[in-house]
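For reference, the chains in residue letters:
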Amino acid sequence: MAVSHDAFPARRRRPSSSEAFVALNFSDQRLLRSLFLLSQDISSLHPLGILLKETYASTLRKSRLISILFEELIRNPVNMLPPSASLCFEELYLVLQRIKILLEDCSSCSKMWLLMQIPSISSSIHQLMVELSTLLDIFPAKQLYLNEDVEELLNLIKKQCSQNARVDSSSSSRDDTDGENLRAQVLTMLEGIKKEIVPDPSSLSEIFERLDLSDSASCSREIENLEDEVQNQRGDDKSKADAVALIGLVRYAKCVLYGASTPRTGGGGIRRQKSAGEVSFPSDFRCPISLDLMRDPVVVSTGQTYDRSSINLWIESGHATCPKTGQTLAHTQLIPNLALKNLIGMWCRDQRIRLEEQGQEESSTGASGRTRRRNKTALGATKMTISFLVSKLRAFGAPSEAAADADRVVHELRVLAKTDSDSRACIAEAGALPLLAKFLGCAGHPSLQINAVTAILNLSILEANKARIMEADGVVNGVIEVLRSGATWEAKGNAAATIFSLTGSGDHSSSSSSSTSSYRKRLGKKGRVVKGLLDLARQGPGNAKRDAMMAILNLAGDREAAGRLLEGGVVDVIGEAMDDGEEEEEEVEAVAVAVLEMVVKKGGLVAISAAYHGNMVRKLGKVMRDGSDRGRESAAATLVNMCRKGGAEMVGELAAIAGIERVIWEMMGGMGTERARRKAATLLRVLRRWAAAGLVNEGHQHQLQQHHSVVVSPASASTRIVLPAA
């Protein structure tokens, strides 16, 4: 990515000089008061400590004088403003609005981003001063009968604004010159990184000191601000690429100049950032097909909104109807729901969730991922940062030595491994995996152990890294030991999540399915893995229990591993999860039912029946009635398999559940997913056939009784269920 010296993209949140603001239909006195308050708000803004200091301070001084002017006008009001005065004041109100937004934006944005936009911001401020000067020139002073003091104040403001307006925007003040020189140094450094030239530490230090980025904490805040800029540049790949390049530079400088960040601690240690699957998100953001958070919402011809990937798969499967309404689709054109996408993006930023990281490597396939792959500057900075951190890891001796320093370096690698697929690939290729593995046994340093296992978890998201993790010396065994005897629940939970990722985290492509299947077999043969996961699922708190159940679900996909899980007591674990009535455990219950579905498929029905003697059917019926959408779907699918494998006795147990017919009809009527509706319809057909067979047997028995003149007591009649007509 070449970073142009001539034009850096304008910050998207800042309105252009032509952007319209709608003023309220104020009365004369309210308009004057609004102008006074607005100018006072501007003058009370905190001055910039760096960059554009003189320009910013000059604008604040003018606003302060304008606020005094309107304060005097409020104290000595006229009966009615002349039309020319009203028009002038309304236009002045709009200009001041734009000045306020521009200055607030400069105060809150990234320092690096502000530096890159000095030409654009200087031009915008100059244009606003020209407009302000023009409005003051036509200020109807005579019609307002201003006293001498106020006229003198007005003339002072006019003079200051006209001086700024007369200065050609291409000429540079000292303020602009200093900023431009610093900007040129940064751009030159970015070009050097693109060509794999390592920045000179002294030059780097000088730049960051001038930007007041003087420690690791300030650099971390700067990275967060730049990440916000990436989100703000919607639809503008070049602007995103420029912001990502700056993130790479700041991250490199932070590590080289100030050392890796000190991990934040509190409570049980550092908790990995929640994924979308661990956060309860608004139902309107949920795709009706996948029930996951929508990343690319689109509208079909019926007006319903779905995630693009889910509805595409639905249509490509040969369906011509709307999944939610059942209406025939007039066409298959998908219209982006940009308003909803923006709302989801805002919600994700508030929750500190990156849209690129939802959906297993979307960062590699979406627009942002394409931007990062094309961004040679960002990639170069990432490689330099990783090389520096890995060399620091190699320099550490025994894991117990310099644990605090090692913790900071490992934490930095953990954060990098979470950013994008390029970083994950670079870290693994640099040989970090065996180095991370030696810190997995640091039970005496819980934070270090958590960071090490979580870094491996983040690396495992990349498909190519799965093989590296499985083959690297000591990595898998280290993760298993953390699962069994980790110092904290968080470490154990992240070890379980790593096993889940290695055994198939949702990528069902042909290239990955064979490898994840072999990893599933290999890990499923290890008794320590099975026992560790089952113990964590029994004893762990919410998140750790969920991670364990998800890993168990993947292992249960292998018949041999499913047998070991049954021997280890997975049926009891499932039953306990289904008995837990806590609302926050609803997701664990849904995963537990999915595990049960998989175990039944793999031949575990006999073990389930032996353990629960019919209670499991009632438990599943309760989940169908009260569970989450995902749990209801898995419960219906499990009952279909149990009824098919268990015969009439199993169907009879289902039919004996009070109100089961209503629950099935509600699911068929549109509640939940399409698969849930199909399974509910299958259950209804199974119950109908069972009921019909019962009627036939009853009729045959009655005929035999009449033929032999045998009187049958009511108690001997078979139980019947009455179902609604189809």
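This structure is a prediction, so every number in the text was calculated from the model and none was measured.

What counts, and at which threshold
- Residues numbered from 1 in each chain as written.
- Predicted model: local features only at pLDDT ≥ 70, side-chain atom pairs only at ≥ 80, totals over all residues.
- Heavy atoms only, no water.
- Helix = DSSP H or I, 4+ residues; strand = E, 2+ residues; numbered from the N terminus.
- Buried < 20%, exposed > 50% of the residue type's maximum accessible area, 1.4 Å probe, protein only.
- Contact = heavy atoms within 4.5 Å.
- Pairing = 2+ DSSP bridges.
- Phe/Tyr/Trp six-rings, centres within 6.5 Å; stacked < 30°, edge-to-face > 60°.
- Expected span 1.5 Å × (residues − 1).
- pLDDT = per-residue confidence, 0-100.
- Salt bridge = Lys/Arg side-chain N within 4 Å of Asp/Glu carboxyl O.
- Axes fitted to C-alpha atoms, helices over the stretch in contact; angles between N-to-C directions.
- Left-handed = near helix turned anticlockwise from the far one by under 90°.
- Nonpolar A, V, L, I, M, F, W, Y, C, P; charged D, E, K, R; others polar.
- Parallel < 35°, antiparallel > 145°, perpendicular 65-115°, else oblique.
- Bend = angle between axes of the 7 residues up to and from the residue.

So what's going on with the overall build of the protein chain? Which residues, and what values?
Looking only at helices and strands, the protein chain features 33 helices and three strands. Looking at the 726 residues of the protein chain, the share that counts as buried comes to 51%. Here the contacts in the protein chain between residues at least 6 apart in sequence split such that 74% fall between residues at least 24 apart.

Provide a residue-level description of unusual backbone geometry, including the pertinent values.
Positioned with a positive phi, Leu52 is a non-glycine residue whose angle comes to about 55°. With respect to the helices and strands, Leu52 occurs in the loop between α1 (28–43) and α2 (53–75). A positive phi angle is found at Asp212, which is not glycine, with a value near 60°. Here Asp212 is to be found in the loop between α8 (201–210) and α9 (216–232). Under the relative-accessibility criterion, Asp212 is labelled partly exposed at 44%.

Could you give me a rundown of the sheet that holds strand β2 (residues 305–307), with the residues and numbers involved?
Sheet architecture is open: three strands sit in the order β2-β1-β3, paired in antiparallel fashion. Edge strands, defined here as strands with exactly one partner in the open sheet, are β2 and β3 (335–336). In the sheet, strand β1 (residues 297–299) pairs with β3 via two bridges, with the strands oriented antiparallel. Among the inter-strand pairings, Val298 is bridged to a residue of β3, identified as Pro336.

So, the packing of aromatic side chains: which residues are in play, and what are the values?
This model, assessed by the stated rule, comprises two aromatic pairs. Taking the centre distance of 5.4 Å and the plane angle of 75° together, the rings of Phe70 and Phe89 count as edge-to-face. With Phe70 in helix α2 and Phe89 in helix α3 (residues 83–108), the pair connects residues that are 19 residues apart, well separated along the chain. Taking relative accessible area as the criterion, Phe70 reaches 0% and is therefore assigned buried. With a relative accessible area of 0%, Phe89 lands in the buried category. An angle of 50° between the planes, with centres 5.4 Å apart, marks the rings of Phe89 and Phe139 as tilted. Of this pair, Phe89 sits in helix α3 while Phe139 sits in the loop between α5 (118–137) and α6 (148–166), and the two are 50 residues apart along the sequence.

Describe α5, listing the residues and the values that go with them.
Each α-helix winds once per 3.6 residues, and so residues spaced three or four apart point in a common direction. The end-to-end C-alpha distance of α5, which contains 20 residues, comes to 28 Å, matching closely the 28 Å that a straight helix rising 1.5 Å per residue would cover. Among the residues making up α5, those that are buried are Ile118, Ile121, Ser122, Ile125, His126, Leu128, Met129, Leu132, Ser133, Leu135 and Leu136.

Can you tell me about the confidence of the model for the protein chain, naming the residues and giving the values?
Here the protein chain shows a mean pLDDT of 79. Residues at 70 or above account for 80%. Below pLDDT 50 for its whole length, residues 1–23 participates in 69 contacts with residues either more than four positions away or in separate chains.

Lay out the pattern of salt bridges with the relevant residues and their values.
Close approach of charged atoms allows side chains of opposite charge to pair. On inspection of all chains with the given rule, the structure shows 25 salt bridges. Ionic pairing is found between Asp307 and Arg295, a salt bridge with its closest N-O pair at 3.9 Å. Here Asp307, found in strand β2, pairs with Arg295, found in the loop between α10 (237–258) and β1; they are twelve residues apart in sequence, far enough to count as distant.

Explain the packing of helix α30 (residues 615–626) against helix α31 (residues 629–655) to me, using residue names and the numbers behind them.
A pair of packed helices is characterised by two quantities: the angle between their axes and the separation of those axes. Two elements in contact, α30 and α31, have axes whose closest approach is 9 Å; the angle formed by their N-to-C orientations is 145°. The two elements α30 and α31 meet at a crossing, and its hand is left-handed. Of the residues in α31, those touching α30 at Met616, Val617, Leu620, Gly621, Val623, Met624 and Arg625 are Gly631, Arg632, Ala635, Ala636, Thr638, Leu639, Met642, Met650, Glu653 and Leu654. Its residues assigned to classes, the contact of α30 with α31 shows eleven nonpolar, three polar and three charged.

Go over the packing of α2 against α5, please, and point to the residues and values.
Running from N to C, α2 and α5 point in directions that differ by 25°, and their axes come no closer than 12 Å. Of the possible angle classes, the one that applies to α2 and α5 is roughly parallel. Crossing handedness for the pair α2 and α5: left-handed. Touching Thr55, Thr59, Lys62 and Ile66 of α2 are Ile125, Met129 and Leu132, all from α5. Of the residues belonging to the contact of α2 with α5, the class tally is four nonpolar, two polar and one charged.

Please set out α31 residue by residue, giving values where relevant.
Its 27 residues place the ends of α31 only 22 Å apart at the C-alpha level, less than the 39 Å of an ideal helix rising 1.5 Å per residue. At Gly647, α31 shows its strongest bend, of approximately 140°.

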